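Understanding the architecture of this molecule
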Amino acid sequence: MEINLTDQVKGLLQALLLLVLPLITIALGIIFTIENIWYFLLAMTWFGCGLIFFSALN
């Protein structure tokens, strides 16, 4: 099954999944003072990989 999306919608979804969601995750961790370091390392890794993939796809 294939989903046909316009280039604008694809770019918006890529930006949301690869850049915005990791930043929201990090912000929520700071706001609610989650002291688990693995949470932050995972979110930062997600953001770093998302930045690389987003740059490569665009």
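Structural notes, computed from the coordinates. One numbering rule holds for all chains: residues counted from 1, following each sequence as written. Two thresholds apply to this predicted model, a pLDDT of at least 70 for residue-level local features and 80 or more for giving and counting side-chain atom pairs, whereas whole-chain, interface and lining totals are computed over all residues. Only hydrogens and water are set aside when side-chain values are computed; all heavy atoms of the structure are taken into account.

1. A closer look at the overall build of the protein
Our working definition: Comment: elements are numbered from the N terminus, with helices defined as DSSP H or I runs of at least four residues and strands as E runs of at least two. For the exposure calls, accessible area comes from a 1.4 Å probe over protein chains only, and a residue counts as buried if that area is under 20% of its type's maximum, exposed if over 50%, partly exposed in between. Contact definition: two residues touch when any of their heavy atoms are within 4.5 Å. Per-residue accessibility takes into account occlusion by the displayed protein chains alone, with areas from the Shrake-Rupley method and a 1.4 Å probe.
For the protein, the helix and strand inventory stands at two helices and zero strands. Across its three principal directions, the C-alpha atoms of the protein cover 40 × 20 × 20 Å. Residues counted as buried form 16% of the 58 residues belonging to the protein. Excluding contacts between residues fewer than 6 apart, the proportion of contacts in the protein whose partners are at least 24 apart in sequence is 61%. Summed over all atoms, the accessible surface of the protein reaches about 4,800 Å², with 74% contributed by carbon and sulfur.

2. Some remarks on the packing of helix H1 (residues 7–31) against helix H2 (residues 37–57)
What counts, and what does not: Under this scheme, a helix contributes an axis fitted over its contacting stretch, all axes are lines through C-alpha atoms, and angles between N-to-C directions fall in the 0 to 180 degree range. We call two directions roughly parallel when the angle between them is under 35 degrees, roughly antiparallel when it is over 145, roughly perpendicular when it lies between 65 and 115, and oblique otherwise. The sense of a crossing depends on the near helix, which, turned anticlockwise from the far helix by less than a right angle, makes the crossing left-handed and, turned clockwise, makes it right-handed. Any residue outside Ala, Val, Leu, Ile, Met, Phe, Trp, Tyr, Cys, Pro, Asp, Glu, Lys and Arg is labelled polar, Gly included; the first ten of those are nonpolar and the last four are charged.
Where H1 contacts H2, the two axes come as close as 9 Å, and the packing angle between them is 160°. Of the possible angle classes, the one that applies to H1 and H2 is roughly antiparallel. Here H1 runs over H2; the crossing is left-handed. Considering only residue class, the contact of H1 with H2 consists of 20 nonpolar, five polar and no charged.

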